[in-house]
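# Close look at the chain arrangement
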Protein chains: 2
Amino acid sequence: MTFPAHLFRPVGERIGLFVLDGLGGLPHPEQGQTELEAAHTPNMDALAGRSSLGRVQLLPPGMTPGSGPGHLSLFGIDPLELEFGRGLLEALGSDYALEAGQIAARGNFCTVDGEGLVQDRRAGRPSDEECRRLCAKVTEQVSIDGVSVELIPGKQHRFTWIITAGDLGAQVNDNDPQVTGKSALPFRGQNATSETTAAIATEWLAKAQQCLADEAIANSALLRGFSTRPHVPGFAEKYHLHAAALAVYPMYRGVARLVGMQPRDAGRGLDDQVAAVKAAIAEDFDFIFVHHKDPDTAGHSGDFAAKVAAIEAFDQAIPGFLESGLDVIAITGDHSTPTIMEEHSWHPVPLLVHSKRALPQPEATFGERACMQGDVGTIRGPELMPLLLAHANRLDKFGA
Amino acid sequence: MTFPAHLFRPVGERIGLFVLDGLGGLPHPEQGQTELEAAHTPNMDALAGRSSLGRVQLLPPGMTPGSGPGHLSLFGIDPLELEFGRGLLEALGSDYALEAGQIAARGNFCTVDGEGLVQDRRAGRPSDEECRRLCAKVTEQVSIDGVSVELIPGKQHRFTWIITAGDLGAQVNDNDPQVTGKSALPFRGQNATSETTAAIATEWLAKAQQCLADEAIANSALLRGFSTRPHVPGFAEKYHLHAAALAVYPMYRGVARLVGMQPRDAGRGLDDQVAAVKAAIAEDFDFIFVHHKDPDTAGHSGDFAAKVAAIEAFDQAIPGFLESGLDVIAITGDHSTPTIMEEHSWHPVPLLVHSKRALPQPEATFGERACMQGDVGTIRGPELMPLLLAHANRLDKFGA
């Protein structure tokens, strides 16, 4: 369901969206409480009794979101409607939001023998530092007329390959043969603009091989997942919001950039984020996305106590966030990461929306089972933004 | 919404889907509890406190499903998207799943006079035994070159007419004039392959009339609802599940066959079904559908106590099912059959999903109103299968 664009007001109150990564959990097998229920969270519990509560379902029942789709869903985009190339994900993960006219691909340094057969698809897994050296060397020495080529180093053999030229298509095959002992595949484009991309990739690879000829191991490269920037309406265009992103980890800044948020320095964690929210408000941002990674990390480790502690640390920052001048405060997750599963799950995430237009249940606390009984019910991810805009008095009524 | 096919894992845990036919009910006018709430179900109540609860809505609000559509919805197919010929329903009801290249129609034996005018559209409602004799006689004596014709006897004057030949269409009119004193209508096909079917039906009817010329009453036949097998992806193809069906009644085996389940001997009822689940697990089935008919039968009779007893009988079988080696146990209905209505109804059916990934409310019991408060919420029928697959660790996450 598309929200009629004319309902979004250009003015209104300030919204803070606090995403506790992997917030949702499942009961501890012995004591029966979830991580959030077990955590000592006096500030969020007090807030819950003055807030609307509910749950957010990021994807259809049973479908578990990765972090990218989870955030996109919260940001108002149905991830299933979006074409998501691997190259785009790599670029976002490097805090790089593709622009129109750019193509990204996932790159591997690799080893080829004298006959051009791939001997090692990962070039012996070089160190991150070695990867940075190789990327810098190729970026410096390889040039193509009329095309800008950028290599963003990743972990070990991985890099993101980004080209900027005129009208480029992304319907280009991977050249990775997937097995060793074979040649890399030639690049072919499936239409005219993709042929242009394929020709650039071919020329770049030949020149990169010349540049890397003196390397003992990493003497060639493989490219896959050619992607363009998907058409995603930005927060300014879609919601009339001037939006900032305060995320410590690059992946989340990348996804925020994709929807037109402006990353600001989030420092190293919650204390810095409290200060950064105040700074962003001083900069006149009217939507501020704050990302807190630690609950997810603890969930993946299967460490119940660590996830509880990560939630409690966030709770300690609540007074600072409350003082900062935000009118609407939403607290939720991008997916569940139950410690008993040690991975993401499909379970809907708890949601708290604090504003002067909330319908609280005064005895409520913030937890999975309390949120099931909340006034918001269970909404789909892309329904969250309109709800927050409504709480911020940023939506006109529909019809007379 | 289509679930991306690549998310379905080929391996995972074992799922048991227990369908209590017509499970959902409405409160008794005097004591105020539904049949399920009034039933003494210690085993399901104990399970409820360790399970996810919710409700399944088989069709849009207010729309009451027949048994076929109710089961298809549970099996992941939107019944409103499926073309459902009467002939197909008859075939399924006889535990006969049409194959590609087959056509089914609903047949009636009838009586025609010397001028070919239909005098009795039901041939005086012969006994079931008489129907079996007539079907056997026609099947034996009537043959058509290159075509296999099968008559499956039903109740009284009813039979299912199934032909197997090459490429056959089903766009053929009924020949039933609907009133007595008129001739049966000629068969016509609306396209080339349906013309072939019409020609076969015409030839078959002429030969059947010769064969039946010595019968005092049932001397002709009427055919309606020509149907092909609809394109329905099977459980193996769609979900990577090796699925067995344990249903005592042929209709439910037929619907299960349609989605690629393999019927196994379910004996005469619950005790046999407990043994059959164990046998199916020994056969390495990883999805087992168990159908329990009695609650629906009692609901149709308007017999509240009998429906309560039918539910209690199922509850007594729970320990056996729990021991059998299933990892995920789902208990639900294919529709509601409230005894105060004496027929199917549109009310969503209760759902219990037991797995180690559930989010229970420890005080919950299994009943319509407890399920309204459950963590699953109210899901649509076709959303059930993905949820069960998620509980069985058979779904990959979406995106990185």
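Sequence order as written defines residue numbering, which begins from 1 separately in each chain. Ligands are numbered from 1 and chains lettered from A, in the order in which they are written. Residues qualify for local features only when their pLDDT is at least 70, as the model is predicted, and side-chain atom pairs are given and counted only at 80 or more; totals for whole chains, interfaces and linings, by contrast, use all residues.

### What to know about the interface of chain B and chain A
One frequently used descriptor of interface size is the decrease in accessible area upon assembly of the parts. In this description, a residue-residue contact is defined by the distance between C-beta atoms placed from the backbone, which must lie within 7 Å. The interface is formed by 20 residues belonging to chain B together with 26 residues belonging to chain A. The greatest single-element share of the side of chain B that touches chain A, amounting to 4 residues, is contributed by helix α13 (residues 384-391) of chain B. Taken together, the residues that form the side of chain B that touches chain A break down as 13 nonpolar, 3 polar and 4 charged. Runs of E in the DSSP output that reach at least two residues are strands. Runs of H or I that reach at least four are helices, and both are numbered from the N terminus. In this count, Pro and Cys sit with the nonpolar residues alongside Ala, Val, Leu, Ile, Met, Phe, Trp and Tyr, while Asp, Glu, Lys and Arg are called charged and the others, Gly among them, polar.

### Considering the domain arrangement of chain A
All names here are of chain A. Along its sequence, chain A is carved into domain 1 (7-82 + 234-391) and domain 2 (87-228). Segmentation of the chain into domains, including their bounds, is taken from an automatic or database domain assignment. For domain 1 and domain 2, the distance between their C-alpha centres works out to 36 Å. Opposite the 8 residues of domain 1 that make contact, domain 2 presents 8 residues. When residues in the side of domain 1 that touches domain 2 are grouped by element, the largest group, 7 residues, is from helix α8 (residues 250-258). Of the residues that constitute the side of domain 1 that touches domain 2, the class distribution is 4 nonpolar, 2 polar and 2 charged.

### Let's talk about the sheet that holds strand β2 (residues 52-57) of chain A
Within a sheet, neighbouring strands are paired by backbone hydrogen bonds and run either parallel or antiparallel to one another. All names here are of chain A. The 8 strands lie next to each other as β9-β8-β10-β1-β11-β12-β2-β13, forming an open sheet whose pairing is mixed. Both outer strands of the open sheet, β9 (262-263) and β13 (377-380), are each paired with one neighbouring strand and no more. Looking at chain direction, β2 and strand β12 (residues 349-354) are connected through 5 bridges and run antiparallel. Bridged to Arg-55 within β12 is Pro-350. When DSSP finds two or more bridges between two strands, those strands count as paired.

### Things to note about the relation of the copies chain B and chain A
Superposition of chain B onto chain A requires a rotation of 120 degrees combined with a translation of 0.9 Å along the rotation axis, giving an RMSD of 0.2 Å. This pairing of chains is accounted for by a three-fold axis. In terms of C-alpha distance to the rotation axis, chain B has Gln-373 of chain B as its closest residue, with the C-alpha 4.2 Å off the axis. Least squares is used to superpose the copies, and the fit set is the C-alpha atoms of residues whose pLDDT is at least 70 in both copies.

### A short note on the packing of helix α4 (residues 86-93) of chain B against helix α8 (residues 250-258) of chain B
Residue and element names in this part refer to chain B. Whenever a helix is involved, its axis is fitted only over the stretch in contact; in every case the axis is a line through C-alpha atoms, and angles between N-to-C directions fall within 0 to 180 degrees. With their axes 6 Å apart at the nearest point, α4 and α8 run at an angle of 115 degrees to one another. Between α4 and α8, the crossing angle belongs to the class labelled roughly perpendicular. On α8, the residues that touch Ala-91, Leu-92 and Gly-93 of α4 are Pro-250, Met-251, Gly-254, Val-255 and Leu-258. Taken together, the residues that form the contact of α4 with α8 break down as 6 nonpolar, 2 polar and no charged. Oblique is the label for every angle not falling under 35 degrees (roughly parallel), over 145 degrees (roughly antiparallel), or within 65 to 115 degrees (roughly perpendicular).

### Some words on the confidence of the model for chain A
Chain-level pLDDT for chain A is 94 on average; 99% of the residues reach the 70-or-more range. Both confidence scores are given for the complex: pTM 0.88, ipTM 0.86. pLDDT measures the predictor's confidence residue by residue and takes values from 0 up to 100.

### Brief notes about the sheet that holds strand β8 (residues 243-246) of chain B
Pairing is mixed across the open sheet formed by 8 strands, whose spatial order is β9-β8-β10-β1-β11-β12-β2-β13 (chain B). Because the sheet does not close on itself, it has two edges, and the strands there are β9 (262-263) and β13 (377-380) of chain B.

### Re helix α4 (residues 86-93) of chain A
An α-helical turn contains 3.6 residues, so a residue and the one three or four places further along point in the same direction. Residues and elements named next belong to chain A. Burial in this document is a count-based property: other C-beta atoms within 10 Å of a residue's C-beta are tallied, and the residue is buried at 20 or more, exposed at 12 or fewer, or partly exposed in between, with C-beta positions derived from the backbone. Most of α4 sits inside the fold, with 7 of its 8 residues counted as buried. Of the positions making up α4, those classed as buried are Gly-87, Leu-88, Leu-89, Glu-90, Ala-91, Leu-92 and Gly-93. Contact partners of the buried residues in α4: α3 (67-74), β3 (102-112), β6 (158-164), β7 (220-228) and α8. Of the residues flanking the end of α4, it is Asp-95, one or two places downstream, whose phi is positive at about 60 degrees.

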